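Single-letter residue listing:
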Amino acid sequence: MLACACEDRVYSQLSDDLAERLTLPSLGVVDPRFVSDFDLLLWRGKDGLSLRATGKKAPGPVRAEFVTGKAGYRRDHGGGSGQMIARAVGLQRTRQTLRVLDATAGLGQDAYVLAGLGCELQLLERSPVIHALLEDGLARAAASPEAVALTSKMTLLAGDSILWLREQPGPVADVIYLDPMFPHRDKSARVKKEMELFRPVVGADEDAADLLSAALEKAEYRVVVKRPRKAPPVSGPKPTTQLEGKSSRYDIYALKALP
């Protein structure tokens, strides 16, 4: 289903090394439009590492991007502490720098927003494929003065979030932030391109309830769970409060008042 490949021989060694690390086939230099044996490629090219579908009518690639595009625009023109995510983690209620653990980091976009708002971030991503994309995005951001000012506040960790949380003594962060992949049951619904590509790789987070339980044990002040607006809360305790937007919702589990 998934293989590593690249657009030019100059990237062959990097692609082969990644394939060995992730125990994936390495196809070398190929044209994704004409690959038929694999549905998805971890594709190395001049723009970095991306996940892309094969075939002539495939959607464009997905990568972790912190320099340009949506992330770059939001960095330069963001909504500040009035944004829903800022209110959800409690930035309006404290003057101290919040330590946030993003335990479902994905491509790091929400963590990047929080870093831009002054938080110190640790990121956990258990999918080795998505972790590789995020690792590459952070490495590319290191060459951009604008981006690295924020990504320097983001520390990427590897491992399963549930196991990692259970192994840590005491509170690991002021706020633990969760954005689990929810089961997609409506086949007619339009989904974001990245979600369409991610699902075959990571599936749904069927253990979201276990992750929430582990997070509630190891957060100092609150746990925040991002959900689709109409989705039910994650199984477990009832949220203390909710913030609802046009397409998403933040379920907030307050443990004690922020200082």
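Below: a short report on this structure. (Residues numbered from 1 in each chain as written. Predicted model: local features only at pLDDT ≥ 70, side-chain atom pairs only at ≥ 80, totals over all residues. Heavy atoms only, no water.)

Structural notes on the overall build of the protein chain
Note the following rule: Only DSSP runs of H or I covering at least 4 residues are called helices, and only runs of E covering at least 2 are called strands; the numbering of each starts at the N terminus. Values of the radius of gyration come from C-alpha atoms, whereas the globule rule sets the reference at 2.2 Å times the count of residues to the power 0.38. Summary of the burial criterion: residues with accessible area below 20% of their type's maximum are buried, those above 50% are exposed, and those between are partly exposed, where the area comes from a 1.4 Å probe applied to protein chains only. In what follows, a contact means two residues having at least one pair of non-hydrogen atoms within 4.5 Å. Surface accessibility follows the Shrake-Rupley procedure with a 1.4 Å probe radius. Residue values consider only the protein chains on display as shielding. The convention is simple: Lys and Arg are positive, Asp and Glu are negative, and His and the chain ends are not counted. Note on charges: their place is set at NZ of Lys, CZ of Arg, CG of Asp or CD of Glu.
Within the protein chain, the regular secondary structure consists of 9 helices and 11 strands. Since a compact globule built from 259 residues should have a radius of gyration of about 18 Å, the 19 Å found for the protein chain is in line with a globular shape. Its C-alpha atoms give the protein chain principal-axis dimensions of roughly 55 × 40 × 35 Å. In the protein chain, buried positions account for 47% of the 259 residues. Residue pairs in contact within the protein chain that sit at least 24 positions apart in sequence constitute 62% of those at least 6 positions apart. Taken as a whole, the protein chain presents about 13200 Å² of accessible surface, with 49% of it coming from carbon and sulfur. Distance between charge centres in the protein chain, computed from 36 positive and 33 negative side chains, equals 8 Å.

Re the layout of surface pockets
Operational definition: Grid points spaced at 1 Å and placed over the protein atoms alone form the basis of the search, with a cavity being a set where a 1.4 Å probe fits but cannot get out and a pocket an open set showing protein on both sides within 12 Å along at least five of seven lines. Lining residues have an atom within 4 Å of a point. Grid points are joined across faces, edges and corners, and a volume is the space filled by probe spheres set on the points. In this classification, the charged set is Asp, Glu, Lys and Arg, the nonpolar set is Ala, Val, Leu, Ile, Met, Phe, Trp, Tyr, Cys and Pro, and all remaining amino acids, among them Gly, are polar.
Here the second largest pocket defines a volume of roughly 170 Å³. Taken together, Arg87, Gln92, Arg93, Arg222, Thr240, Thr241, Leu243, Ile252 and Ala254 make up the lining of the second largest pocket. Contributing elements (two or more residues each) for the lining of the second largest pocket: strand 10 (241–244) and strand 11 (248–254). Of the residues that constitute the lining of the second largest pocket, the class distribution is 3 nonpolar, 3 polar and 3 charged.

So, the pairing of strand 6 (residues 120–125)
Our working definition: By the convention used here, strands pair only if DSSP detects at least 2 bridges between them. Note on handedness: a clockwise path from strand one over the helix to strand two, with the strands aimed away from the viewer, defines a right-handed crossover.
In terms of strand pairing, strand 5 (residues 99–102) meets strand 6 through 4 bridges, oriented parallel. The residue bridging aspartate 102 from the neighbouring strand is leucine 123, located in strand 6. Handedness of the crossover is the feature at issue here: the chain leaves strand 5, passes through helix 4 (residues 109–116), returns alongside strand 6, and the resulting connection is right-handed. Bridge count for strand 6 against strand 7 (residues 154–158) is 5 bridges, and the pairing is parallel. Directly across from glutamine 122, in strand 7, lies its bridge partner threonine 155.

Examining the sheet that holds strand 11
This is how the line gets drawn: Every axis in this analysis is a line fitted to C-alpha atoms, fitted for helices over the stretch in contact. Angles between the N-to-C directions lie between 0 and 180 degrees.
Strand order in this open sheet of 7 strands is 7-6-5-8-9-11-10, and the pairing throughout is mixed. For this open sheet the edge positions go to strand 7 and strand 10, each flanked by a neighbour on one side alone. When strand polarity is set aside, the average angle formed by the axes of neighbouring strands in this sheet is 20°. Judged from the 4 bridges that link them, strand 10 and strand 11 form a sheet pairing that is antiparallel. Bridging from a neighbouring strand, threonine 241 pairs with isoleucine 252 of strand 11.

Notes on the pairing of strand 11
Across the 7 residues of strand 11, 6 count as buried, placing the element largely inside the fold. Here strand 9 (residues 219–228) runs beside strand 11; their pairing, made up of 7 bridges, is antiparallel. In the strand pairing of strand 11, lysine 226 is matched with tyrosine 250. The hairpin formed by strand 10 and strand 11 contains 3 residues between the paired strands.

Overview of the nonpolar core
Defined as follows: Nonpolar cores were defined as sets of buried Ala, Val, Leu, Ile, Met, Phe, Trp, Tyr and Cys residues, with membership established by side-chain atoms within 4.5 Å.
Counting residues in hydrophobic clusters, the biggest one holds 52 residues, and the most contacted among them are Leu42, Leu51, Leu121 and Met154. Setting aside anything within four residues of it in sequence, one finds methionine 154 in contact with Phe66, Gly108, Ala111, Tyr112, Ala115, Leu121, Leu123 and Leu138. Counting 22 residues, the second-largest nonpolar core is a separate cluster that includes Leu165, Ala208, Ala219 and Val234.

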